[in-house]
Amino acid sequence: MSLALLALAVVSTWLVLAGLSLWMGELNQDEGWYLYSAGQIRAGRLPYRDFAFTQSPLLPLVYAAAWGFIERFGVAGGRFLTWLFGALALIPATWLAMRMGPRRARKLTAGVFLILAGINLYQVYFMTVVKTYALSGFFLTSGLLVLSYADRQHAFRAASLAGFLLACAAATRISFGVVLVAGLVYLALCRGRLRNWAWLDFLLGVGLGLAVMLVPFMALGREGFRFGVFEYHTLRDSGPWLMQLAYKAGCVTRLIQAYFPAVLIGVFLIVAALRRLACRNAEQSPAKTNEPETCGPPCYAGFIWAVVVAVALVHLLAPFPYDDYQVPVYLIFCMALAAATARWWLAMEDRFEAGCADNARRARRLALLGGLWLAGSLHAVSSPMVQQWFVAGRDRIWWQLREQSPLAQLQDMGRWVRELTLAEQGTELLTQDTYLAVEARLPVPRGLEMGPFSYYPDWPRERAEQIGVMNRDMLRELLVTATNAPIAALSGYSLAIRSPEVEKIKREDRRALEAVLKMEYVLLEQAPNFGQANTVLRIFRRKPVEKLPEPVETAEE
């Protein structure tokens, strides 16, 4: 009964955090162009060929299949679908954690994993907002779970299916391509324990997955695919090496803050392992081999740790490493950490509680899980993200509270700009805030599908048209000639970022664009604290075209 109550408490806490993240969570610009790309696919346009896209193509393909639901509920529908994939990812992840942990402590392993992965506000938020993390995490954990069954009896089915699933993860987020290499190396090194040709079965699954998910887009939009999937992510300049080091150090410190309970457990286990090793060396006794029996392959835990390190390093070595890149990696980290925690706890039981009754052991394990749940809940409540849900900013000593959630404000603004556009008989919305276009159920002009990352001022026109973005002259022409877009909605992210460097546009560039905007549009309204980073959203209406007076005919005398 106590275990059931604790399970209910854990699930309830996770659902509350997910619900609050869905409704109260800050908007993210990536949500807009991911969902907008799904709508474009549903309309018959393809990424890389017909519009720019800078990720692997599987996410918009999957979300396009549910476009009717997303179109009806907007960004909230996209977030619900993302949360669903995140919830599904917990199933294979929990299963694999139990296979890696001791047979005698499966429930303990599963409990530690679910508490670390589910009762963490940072993790839950980024597995709820529309990004690649939930879908890629589902494919990643499913592939790693299936790969753990690649023994001598099931090598072909398990290795080939695992290869296909991991290829799907890479087709969702290209950085997971390193997992394909890690899986191949693992099967090659462990072929004596598994099957000699298991690595070839794995390659077969990988090849099939990449052929289905990537090759068609590569063939149809060669230049756009090469730029969006590979080139774009290497062109961002993060400055001199000292600045790059500062960015990476800042990323690590913020990750420690976000995942502090798991980091603390990891540090504790490392210290315990080092102390145990030091004691053995002092006693000059050989290492004991009576490790708790697990369900998975003997060397699989080491492989999982290698995957964690490899993917985390790939993300950290990016020119500008964002903290949330590590969100799907945290799932794998929690699996390995939960298994290691259960092994340590079992070792302590065998050492100090050899004669204890089973009821006493179960009570202590329940107390451990209860303590982890309480610590995780307190960490979630004390997260800085909670304050962002309710506070819009600070005016000297006064806190400015939000009048409505970011998502509710987006929905209201979406309805309003749609009404304004239809009243002016328009068919498009001129904006770089693509989540507003999704909410208003209006397309943006071609070339703005990537939202704030659509402006490449220094590119030649031919290159910009080939990739599907805007250069300096094209954007100015759009502001003048976009008669199908009588309403313009521009936040602080619009007319502000130049790509591919992802830097502020030059001052003279901004002034020239604002001058064209002032000449062609009239300002209707300003909405403060809108969208990501609480910038000001400006709503403009295009000025009516002045008709020249008709010449007056005079009678000839």
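Note: the structure precedes this text.
Residues numbered from 1 in each chain as written. Predicted model: local features only at pLDDT ≥ 70, side-chain atom pairs only at ≥ 80, totals over all residues. Heavy atoms only, no water.

Peer 1: Sorry, what's going on with the pattern of salt bridges here?
Peer 2: Should their charged atoms come close, side chains of opposite charge can pair. Considering all chains together, one arrives at 24 salt bridges under this definition. In this structure, Arg 498 engages Glu 501 in a salt bridge whose closest nitrogen and oxygen atoms are separated by 3.6 Å. Among the residues examined, Arg 498 registers a relative accessible area of 14% and is labelled buried. Under the relative-accessibility criterion, Glu 501 is labelled partly exposed at 24%. A salt bridge links Glu 514 to Arg 510; its shortest N-O distance comes to 3.1 Å. With Glu 514 and Arg 510 both in helix α23 (residues 507–520) and four residues apart, this pair spans about one turn of that helix. (Salt bridge = Lys/Arg side-chain N within 4 Å of Asp/Glu carboxyl O. Buried < 20%, exposed > 50% of the residue type's maximum accessible area, 1.4 Å probe, protein only. Helix = DSSP H or I, 4+ residues; strand = E, 2+ residues; numbered from the N terminus.)

Peer 1: Would you mind showing me how to read a nonpolar patch on the surface here?
Peer 2: Judged by side-chain polarity, Val 252, Ile 256, Phe 260 and Leu 264 come together as a nonpolar surface patch covering roughly 330 Å² of accessible area. Among the elements of the structure, α13 (241–258) and α14 (260–283) are those that each provide at least two residues to the nonpolar patch. Counting through the fold element by element, Ile 256 comes out in helix α13. (Patch = residues over 30% accessible without salt bridge, like charges linked within 9 Å, V, L, I, M, F, W, Y side chains within 5 Å. Areas by Shrake-Rupley, 256 points an atom, 1.4 Å probe, with all protein chains shown as cover.)

Peer 1: Would you mind going over helix α12 (residues 222–230) with me for this structure?
Peer 2: In an α-helix, one turn spans 3.6 residues; hence positions three or four apart end up facing the same way. What α12 keeps buried is the set Gly 224, Phe 225, Phe 227, Gly 228 and Val 229. Its buried side turned inward, α12 meets α11 (215–220) and α21 (461–467). (Contact = heavy atoms within 4.5 Å.)

Peer 1: Whenever I open this one, the sheet that holds strand β7 (residues 521–530) confuses me. Can you help?
Peer 2: Strand-to-strand pairing in sheets goes through backbone hydrogen bonds, with the strands running parallel or antiparallel. Across the sheet, four strands lie side by side as β3-β4-β8-β7; this open sheet has mixed pairing. What marks the edges here is a single partner per strand, and that holds for β3 (430–431) and β7. In this fold helix α19 (residues 406–423) packs onto β4 (487–490), β7 and β8 (535–542), with an angle of close to 170° to the strand it touches most, β7. Here helix α22 (residues 472–481) sits on the sheet and contacts β3, β7 and β8; the angle it forms with β8, its principal contact strand, is near 55°. (Pairing = 2+ DSSP bridges. Axes fitted to C-alpha atoms, helices over the stretch in contact; angles between N-to-C directions.)

Peer 1: Would you explain the packing of helix α1 (residues 2–24) against helix α4 (residues 67–100) in this entry?
Peer 2: In the contact formed by α1 and α4, the axes pass within 10 Å of each other and the chain directions differ by 150°. One finds that α1 runs roughly antiparallel with respect to α4. Note on packing geometry: the crossing formed by α1 with α4 is right-handed. Touching Trp 14, Leu 15, Ala 18, Ser 21 and Leu 22 of α1 are Ala 76, Arg 79, Phe 80, Trp 83, Ala 87 and Leu 90, all from α4. (Parallel < 35°, antiparallel > 145°, perpendicular 65-115°, else oblique. Left-handed = near helix turned anticlockwise from the far one by under 90°.)

From the geometry alone we can't say anything about function, so treat these as descriptive.
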